[in-house]
Amino acid sequence: MPNRTDELIHDWNEGGHLPPGRVRPLVNDESLRDGLQSPSVHHPSADEMVEVLHAIEALGIDALNIGLPGAGPHVVATAKRLATEIRDGRMRVSPNCAARTMVQDIEPIRRIMEDVGIPIEVAMFIGSSPIRMEVEGWTVDHLLATSEKALAYCRDHQLPVMYVTEDTTRANPDTVRRLYGLALDMGAERLVVCDTCGHATPDGVRNLVRFVRRVAADHGKPDVQIDWHGHNDRGLSVINSIAAYEAGADRLHATALGIGERTGNCPMDLLLVNLRLLGWWPEDRPLNSLKEYVRKVSEATRVPVPKNYPVVGPDAFETGTGVHAAAVIKALKRNDTWLANRVYSGVPADEFGLEQRIAVGPMSGKSNVVWWLEHNGFAADEDRVNRIFSAAKSSDRVLTDAELGELATAGA
């Protein structure tokens, strides 16, 4: 049977091919740590965090930042609870904890790891750009000495390290080379390249990731894991994450709904959607629970999902426009859900456990009304259709199901 996508959709999107030897990107969820730095979020309770953890696990997300224990006993407690839940549930997701590149921040991570009995990556971060060093009064030698002490502590206590340079996208090449070189020489298993201020463009991302990959090779570790951590100040976070993977990054960081400081981080939900549509997210990790994941984080952080938010927003797969709805309805009447989910949508709803919805409003045709009536148990007789159609045309918005129900029964 011919491939319906190839037959019915001419795809002008160039690229979208996995780099040679790559299977798929790994992803690291920062919703419960970096995401909570948003000035608009409500800080979730421990119980809410556990619910989010289970939603993350259900999606097949690879790793999760469970907090910065150096911030105090309250974070130690929640991080330990999340790590325990991961252990007891035998979850696939791997935990990591953030830390300043200081022993005092790393020591509580070591205690949690010893108490719970599972590996926890230490995500130690340190500023690396000239502008940050100017503000702090730091020198590169200070960054190296600080890093060496923290890395030695991790090495001596056999703690897995991901070494994070903040603001890498505005750092000097020599500084990047020296910091990552030290980290590699002292046993760091992962390097994290950060667009902390949302400065980078896709070209900048590719240039930087390739540079870091060369640094790793120069230190005899060409296959070291490289992560990309991007923010959304220029609205480029998703495409930058894709560019990072194409350039050689192994794992991409993101948060649900893109929550995070200022304009937020790369949105995990939209990143996963694009990975799936690129063919980079495997079928054995279905995304049917994507909307539930977003709902859990939205409720836990009190961040509403915008109505027009892609894929999981209320309006994403709903149309009240006559011409558009008519085409969807024609496909549905043929019992062709594949066609219905693609004829007026660049994102197929069924791939994410969702479906097309037909609304009735001022831009609707009579086919919208007939469809709504038939799918809500009403006969689509002429008087009923005309009554609803007239009300819709005189309305300044889409009618609610309750209003349509009242109109449908008005003549009974």
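Scroll up for the structure.
For the structure given in this document, a descriptive report is provided here. (Residues numbered from 1 in each chain as written. Predicted model: local features only at pLDDT ≥ 70, side-chain atom pairs only at ≥ 80, totals over all residues. Heavy atoms only, no water.)

1. Considering the overall build of the chain
Note the cut-off: The helix and strand labels rest on DSSP assignments: H or I over at least four residues marks a helix, E over at least two residues marks a strand, and numbering proceeds from the N terminus. When checking whether two residues touch, look at their non-hydrogen atoms; a contact exists if any pair is within 4.5 Å. Under the convention used here, a 1.4 Å probe and the Shrake-Rupley method define accessible areas, while residue burial counts only the protein chains that appear. For the purpose of charge, His is not counted, nor are the chain termini; Lys and Arg are scored as positive and Asp and Glu as negative. In this description, the location of a charge corresponds to atom NZ of lysine, CZ of arginine, CG of aspartate or CD of glutamate.
Check the secondary structure of the chain and you find 16 helices and ten strands. Dimensions of the chain along its principal axes, counting C-alpha atoms only, are 80 × 45 × 40 Å. Restricting the contact set of the chain to residue pairs at least 6 apart, pairs at least 24 apart contribute 73%. With an accessible surface of roughly 19000 Å², the chain has 51% of that area assigned to carbon and sulfur atoms. Once the 44 positive and 57 negative side-chain charges of the chain are each reduced to a mean point, those two points are 0 Å apart.

2. So, the sheet that holds strand β7 (residues 225-230)
Backbone hydrogen bonds are what pair the strands of a sheet, in a parallel or an antiparallel way. We apply this condition: Note on pairing: two strands pair once DSSP finds at least 2 bridges between them. The convention used is that axes are lines fitted to C-alpha atoms, helices contributing only their stretch in contact, and that angles between N-to-C directions extend from 0 to 180 degrees.
Spatial ordering of the closed barrel is given by β1-β2-β3-β4-β5-β6-β7-β8, a layout of eight strands whose pairing is parallel. Strand after strand, the sheet turns through a mean of 25 degrees between neighbouring axes, direction not considered. When β7 meets strand β8 (residues 251-254), the two strands line up parallel, connected through three bridges. Looking at β8, one finds that H229 is bridged to H253.

3. Let's talk about the pattern of salt bridges
Our working rule: Salt bridges are identified by distance alone: a Lys or Arg side-chain nitrogen within 4 Å of an Asp or Glu carboxyl oxygen. Partly exposed residues are those whose accessible area sits between 20% and 50% of the maximum for their type, while under 20% is buried and over 50% is exposed, using a 1.4 Å probe and protein chains only.
Within the structure shown, the criterion is met by 35 salt bridges. The partner of E299 in a salt bridge is R295, with the nearest N and O atoms 2.7 Å apart. On the criterion of helical spacing, the pair formed by E299 and R295 is a turn pair, its members being four residues apart in helix α11 (residues 290-301). Classification of E299 by relative accessible area gives partly exposed; the value is 44%. Residues joined by salt bridges that share partners form a network here, namely E51, E292, R295, K296 and E299.

4. Comments concerning a nonpolar patch on the surface
Rules: Every patch collects residues that have over 30% relative accessible area and no salt bridge, joining them within 9 Å if they carry like charges and within 5 Å if they are nonpolar side chains (Val, Leu, Ile, Met, Phe, Trp, Tyr).
A cluster of nonpolar residues, V323, V343 and Y344, forms a patch on the protein surface that exposes about 290 Å² of accessible area. Relative to the elements of secondary structure, V323 occurs in helix α12 (residues 322-333).

5. Digging into the nonpolar core
Condition: In plain words, nonpolar cores are sets of buried Ala, Val, Leu, Ile, Met, Phe, Trp, Tyr and Cys residues tied together by side-chain atoms within 4.5 Å.
Grouped together as the largest cluster of nonpolar side chains are 102 residues, with contacts concentrated most on I106, M124, Y163, W228, L272, L290 and Y293. Per-element tally for this core: the top contributor is helix α6 (residues 140-156), with eight residues. In this structure, I106 is in contact with A99, R100, V122, M124, A150, Y153, C154 and L159, ignoring residues within four places of it in sequence. Of all hydrophobic cores here, the second largest spans ten residues; its members include V360, L373, I388 and L404.

6. Thoughts on helix α4 (residues 103-116)
Rules: A helix is expected to reach a length of 1.5 Å times the quantity of its residues less one.
A rise of 1.5 Å per residue sets the reference length of α4, with its 14 residues, at 20 Å; its end C-alpha atoms lie 20 Å apart and thus fit the reference within 8%. If you check which residues of α4 are buried, you get D105, I106, P108, I109, R110, I112, M113 and V116. In the core, the buried residues of α4 are packed alongside α3 (73-88), β3 (94-100), β4 (121-127) and α6. Where α4 terminates, the next one or two residues include G117, which has phi positive at roughly 85 degrees.

7. Topic: the layout of surface pockets
Note the threshold: Cavities and pockets are defined on a 1 Å grid built over the protein atoms alone: a cavity is a set of grid points where a 1.4 Å probe fits but cannot escape, while a pocket is an open set with protein on both sides within 12 Å along at least five of seven lines, and lining residues are those with an atom within 4 Å of any such point. Grid points are joined across faces, edges and corners, and a volume is the space filled by probe spheres set on the points. In this count, Pro and Cys sit with the nonpolar residues alongside Ala, Val, Leu, Ile, Met, Phe, Trp and Tyr, while Asp, Glu, Lys and Arg are called charged and the others, Gly among them, polar.
Space inside the second largest pocket adds up to approximately 460 Å³. Together, 22 residues line the second largest pocket, and E355, Q356, R357, I358 and W371 are the ones closest to its centre. Put simply, the parts of the chain that give the lining of the second largest pocket at least two residues each are α13 (337-340), β10 (357-358), α14 (366-374) and α16 (401-409). Classifying every residue of the lining of the second largest pocket by side-chain character gives eleven nonpolar, six polar and five charged.

8. Considerations on the packing of aromatic side chains
We apply this condition: Only centres within 6.5 Å qualify two rings of Phe, Tyr or Trp (six-membered ring in Trp) as a pair; their planes then separate them into stacked at under 30 degrees, edge-to-face at over 60, and tilted for everything else. Only Lys NZ and Arg CZ are tested; either one counts as a charge over a ring when it is within 6 Å of the ring centre and within 35 degrees of the ring normal.
Using the criterion set out here, one finds three aromatic pairs in the structure. Taking the centre distance of 6.2 Å and the plane angle of 80 degrees together, the rings of Y163 and Y180 count as edge-to-face. Of the two residues, Y163 sits in strand β5 (residues 161-166) while Y180 sits in helix α7 (residues 173-185), which places them 17 residues apart along the sequence. With respect to class, Y163 is no different from Y180; both count as buried. For the pair Y245 and W280, a centre-to-centre distance of 5.4 Å together with 55 degrees between the ring planes defines the contact as tilted. Residue Y245 is located in helix α9 (residues 237-247), and its partner W280 is located in the loop between α10 (268-277) and α11; the two are separated by 35 residues in the primary sequence. On the accessibility criterion, Y245 (1% relative accessible area) is buried. Over the face of the ring belonging to Y245 we find R22, whose NZ or CZ atom lies 4.1 Å from the ring centre. A cation over a ring is seen here: R24 above W281, with NZ or CZ 4.8 Å from the ring centre.

9. A closer look at the side chain of S147
Inspection of the secondary structure puts S147 in helix α6. With residues up to four places along the chain from it excluded, the contact list for S147 reads T101, I126, Y163, L179 and L182.

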